[in-house]
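Examination of the molecular architecture
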Amino acid sequence: NAGVTQTPKFRILKIGQSMTLQCTQDMNHNYMYWYRQDPGMGLKLIYYSVGAGITDKGEVPNGYNVSRSTTEDFPLRLELAAPSQTSVYFCASTRGEGFGELFFGEGSRLTVL
Amino acid sequence: DQQVKQNSPSLSVQEGRISILNCDYTNSMFDYFLWYKKYPAEGPTFLISISSIKDKNEDGRFTVFLNKSAKHLSLHIVPSQPGDSAVYFCAARPNNNDMRFGAGTRLTVKP
């Protein structure tokens, strides 16, 4: 059982470049989330989705976009990368309504130079 | 604003002793609290949770205590084992679609 899978694990971007962080889960979870973790800080919610076709902003959505065309996939798009987006990104999912136990991916470390 | 605070960035304990990790929160609307454990190069994994209607929840070596009047929760690990060495995150839920995390406490259990 793969759980939550994120790709890529590492990426270096130049300022102004664009990229997509992929996230897929095989647990048939309705709720999916994207967090970022900066050094010495907790995880901050970027975007979340409560089901296919439905997305909403979290605490720090600026500079990001998401889509949810299927239950399994929840990609995170960075359109114009900035050094402030250097971080570790975690995708997570949960089965039930709202928050209960979150299942996290292994993380994607992004560096913007 | 940091609504969930873990004021100790690190904690070191001897194997077999008790580990106590602390967490404070500011939002009285939080109704559900969780602890996650994170090893290097892995995502956080759920450890234990507690609802605001309870003051204690126990699961094996792990116990979470909630003091609502003080807006404080703690995680007790007894006895501590070297494999418990990890970063522990406290998290709190203000509503069904959001969750706030603390900055984490790095626990080192020495053999």
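Our subject in this report is the structure included herewith. Residue positions are counted from 1 within each chain, in the order its sequence is given. Here every chain gets a letter starting at A, and every ligand a number starting at 1, in the order they are written. Since the coordinates come from a predicted model, pLDDT governs what is reported: local features require at least 70, and pairs of side-chain atoms require 80 or more to be given and counted, while whole-chain, interface and lining totals use all residues. To get the side-chain values, take all heavy atoms of the structure and skip hydrogens and water.

1. Some remarks on the overall build of chain B
Just so we agree on the cut-off: Helix and strand assignments follow DSSP, with helices taken as H or I runs no shorter than four residues and strands as E runs no shorter than two, numbered in order from the N terminus. As a reference, a globule follows 2.2 Å times the number of residues to the power 0.38, and the radius of gyration itself is taken over C-alpha atoms. Exposure is judged per residue with a 1.4 Å probe applied to protein chains only, and the accessible area is read against the type maximum: over 50% gives exposed, under 20% gives buried, and values in between give partly exposed. We call two residues in contact when some of their heavy atoms are within 4.5 Å. In this tally, Asp and Glu contribute negative charge and Lys and Arg positive charge; neither His nor the terminal groups of the chain are included. Every charge is mapped onto a representative atom, which is NZ of Lys, CZ of Arg, CG of Asp or CD of Glu.
Summing up its helical and strand segments, chain B has zero helices and 11 strands in all. Over its C-alpha trace chain B gives a radius of gyration of 13 Å, about what one expects of a compact globule, namely 13 Å for 111 residues. Within chain B, buried positions represent 48% of all 111 residues. For chain B, contacts bridging at least 24 residues in sequence account for 54% of all contacts bridging at least 6. Taken together, the 13 basic and 10 acidic charged side chains of chain B have centroids lying 3 Å from each other.

2. Section: the pattern of salt bridges
All names here are of chain B. Counted only if it meets this: The term salt bridge refers to a pairing of a side-chain nitrogen on Lys or Arg with a carboxyl oxygen on Asp or Glu at a separation within 4 Å.
As enumerated under the stated definition, the model contains eight salt bridges over all chains in all. One salt bridge in this structure joins Arg 93 and Asp 31, with 3.2 Å as the shortest N-O distance. Of the two residues, Arg 93 is situated in strand E9 (residues 86-95) and Asp 31 in the loop between strand E3 (19-25) and strand E4 (32-38); the sequence distance between them amounts to 62 residues. A relative accessible area of 13% places Arg 93 in the buried class. Take Asp 31: its relative accessible area is 30%, and that puts it in the partly exposed class. Between Arg 61 and Asp 84 there is a salt bridge, with its nearest N and O atoms 2.8 Å apart. Within this pair, whereas Arg 61 is found in the loop between strand E6 (56-59) and strand E7 (62-67), its partner Asp 84 is found in the loop between strand E8 (72-77) and E9, the two being separated by 23 residues in sequence. Looking at Arg 61, the relative accessible area reads 22%, which means it is partly exposed.

By themselves, these observations are geometric and do not establish any function.
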